[in-house]
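The residues making up each chain are set out below.
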Amino acid sequence: MTASLALTVAVSSPDPVQAQTYQIDCAILLCLAGGWPGSAPCARARAEFIRRITPWPVEPPLQIWRCPMGASFGGAASPSPMERLYDIAFREPQENARPTPAEAVPGLILAQAQEQADIDISGDAFDFVRSIRVYHIQFSQHQNRDGDCIRSDSTRLGSYGTQGDYGWARSSVAAVPEASDLAVPEHCGSYSWRSVFVDWRDHAGNYGSEEVRY
């Protein structure tokens, strides 16, 4: 079974009973890769994906270390990573999920994660994981009495490493994608914007984004 076929099967036709026991991060991984198909499991997965970037805290929207892709399955043939992922997402209970850094440290505003996927995801098949970018945008500007333009830009970028680890780095509103509703005036008009913007590309390269203002 090819990766794309496995994704189609996994996100479009889960058994109603199995859908109640899926691990949410495995479901997020599958549904994101498949372009968020219109199914009940994918609707729940997308809602959780967005909830995690809704302050406070701002968490990694996909916590791949909570999806045990390295789990072994019986049978003579060794299943592909996507076939194993389908089994885990829709057939295994959530009891093995580990607490996230945000859960372990209450009040943490920008949650980091050094944990990684438990299999090698450095190949092209998992580029969609590394395509996820989270912009925590905090920007304001105004002109003071002397006519000087006073700007404050505390924008940070959350992104994924080769093996699914997640961290934050300094960024700026200049780097925020055009899909955001951010609209800094060309001249120094009074302006303030706070939001969390996330974008990604699915397994086929299709672009998607969401933004939460606060």
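Not measured: the values here are computed from a predicted model. (Residues numbered from 1 in each chain as written. Predicted model: local features only at pLDDT ≥ 70, side-chain atom pairs only at ≥ 80, totals over all residues. Heavy atoms only, no water.)

Some details on the overall build of the protein chain
Broken down by element type, the protein chain carries 6 helices and 6 strands. Taken from the N to the C terminus, the helices and strands of the protein chain come in the order α-α-α-α-α-α-β-β-β-β-β-β. Restricting to contacts in the protein chain with at least 6 residues of sequence separation, those with at least 24 account for 64%. Taken as a whole, the protein chain presents about 10500 Å² of accessible surface, with 49% of it coming from carbon and sulfur. (Helix = DSSP H or I, 4+ residues; strand = E, 2+ residues; numbered from the N terminus. Contact = heavy atoms within 4.5 Å. Areas by Shrake-Rupley, 256 points an atom, 1.4 Å probe, with all protein chains shown as cover.)

Quick notes on the state of the cysteines
Using the criterion set out here, one finds 3 disulfides in the structure. Here Cys26 connects covalently by a disulfide to Cys67, the sulfurs 2.1 Å from one another. When the S-S torsion is 110 degrees, as for the bridge of Cys26 with Cys67, the disulfide is right-handed. Residue Cys26 is found in helix α2 (residues 24-33), and its partner Cys67 is found in the loop between α3 (40-51) and α4 (81-91); the two are separated by 41 residues along the sequence. Note on accessibility: Cys26 and Cys67 belong to one class, buried. (Disulfide = S-S within 2.5 Å. Buried < 20%, exposed > 50% of the residue type's maximum accessible area, 1.4 Å probe, protein only.)

Considerations on the side chain of Ser195
Along the polypeptide, Ser195 turns up in strand β5 (residues 191-201). Overall, Ser195 belongs to the buried group, its relative accessible area being 0%. Separated by 2.8 Å, the side chains of Ser195 and Trp193 make a polar contact. Excluding residues within four positions of it along the chain, Ser195 makes contact with Tyr135, His136, Ile137, Glu211, Val212, Arg213 and Tyr214. (Polar contact = N/O pair within 3.5 Å; in protein donor to acceptor, adjacent residues only side chain to side chain.)

Here we look at the packing of α2 against α3
At a closest axis distance of 9 Å, the pairing of α2 and α3 adopts a crossing angle of 100 degrees. For the element pair α2 / α3, the angle class is roughly perpendicular. Across from Ile24, Ala27, Ile28 and Cys31 in α2, the residues of α3 making contact are Cys42, Arg44, Ala45, Glu48 and Phe49. Split by residue class, the contact of α2 with α3 holds 7 nonpolar, no polar and 2 charged. (Axes fitted to C-alpha atoms, helices over the stretch in contact; angles between N-to-C directions. Parallel < 35°, antiparallel > 145°, perpendicular 65-115°, else oblique. Nonpolar A, V, L, I, M, F, W, Y, C, P; charged D, E, K, R; others polar.)

Some remarks on the nonpolar core
Residues Ile64 and Met69 are the most contacted members of the largest nonpolar core, which totals 35 residues. When contributions to this core are tallied by element, the ones reaching two or more residues are α2, α3, α6 (127-130), β4 (166-170) and β5. Per-element accounting of this core gives the leading share, 8 residues, to α2. Beyond its immediate stretch of four places on either side in the chain, Ile64 contacts Leu29, Met69, Ala117, Ile121, Val129, Gln163 and Gly164. Formed by 9 residues, the second largest nonpolar core is a distinct cluster that contains Phe139, Val176, Tyr191 and Phe197. (Core = buried A, V, L, I, M, F, W, Y, C linked by side-chain atoms within 4.5 Å.)

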